[in-house]
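Here are the chains, one letter per residue:
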Amino acid sequence: MTNLKQTLNTQLANWNVINTKLHNYHWYVTGPDFFTLHAKFEEYYTQAATYIDEIAERILTIKEKPVATLKEYLEVATIKEASNTEEPRDMVATIAKDFEQIINESSTLIELATKADDESTADMFIQIKTSLEQHVWMLNAYLG
């Protein structure tokens, strides 16, 4: 179960980092696409907050301990913080890349959960992965 616990905590950390990154982009986006991107980033960080809570509660449900400090999130996450220098197109490209990374890591997590006979965790990440696949498609469509 250790690999599953570690992988779940990595995803919890990733969602906390991306949640902060999305807030950063929401606050600092400027330019002609401000209204579109400002609203989109808010939609994504609202969804991220839901995933954070669901993942942490799932970790507790399987009698493990979720990482729960900013220091731990940054140590465990595979997603990097915003640099505060991104232009709007860079913001969109970075979020698409981050979502793709979470999709790939979710595939591994789904396999681990399936091997551990943890269908609930596998199902949770199948749903997250499906949602992110659509987001990546839309973000890449925006980028042209």
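This brings us to the pattern of salt bridges. For the structure on display, the rule yields four salt bridges. Here Asp-98 and Lys-21 are joined by a salt bridge, their closest N and O atoms 2.5 Å apart. Remark: Lys-21 occurs in helix H1 (residues 2-28) and Asp-98 occurs in helix H4 (residues 88-115); sequence separation between them is 77 residues. Residue Asp-98 is classed as buried on the basis of its relative accessible area, which comes to 3%. Classification of Lys-21 by relative accessible area gives buried; the value is 3%. The residue Glu-75 makes a salt bridge to Lys-71 at a minimum N-O spacing of 3.7 Å.

Tallied over the entire structure, the rule returns five aromatic pairs. On the basis of an interplanar angle of 65° and a centroid distance of 4.9 Å, the ring pair of Trp-15 and Tyr-51 is categorised as edge-to-face. Here Trp-15, found in helix H1, pairs with Tyr-51, found in helix H2 (residues 34-61); they are 36 residues apart in sequence, far enough to count as distant. Here Trp-15 and Tyr-51 have matching classes, each one buried.

The rules behind these values
- Residues numbered from 1 in each chain as written.
- Predicted model: local features only at pLDDT ≥ 70, side-chain atom pairs only at ≥ 80, totals over all residues.
- Heavy atoms only, no water.
- Salt bridge = Lys/Arg side-chain N within 4 Å of Asp/Glu carboxyl O.
- Helix = DSSP H or I, 4+ residues; strand = E, 2+ residues; numbered from the N terminus.
- Buried < 20%, exposed > 50% of the residue type's maximum accessible area, 1.4 Å probe, protein only.
- Phe/Tyr/Trp six-rings, centres within 6.5 Å; stacked < 30°, edge-to-face > 60°.

By themselves these figures say nothing about function.
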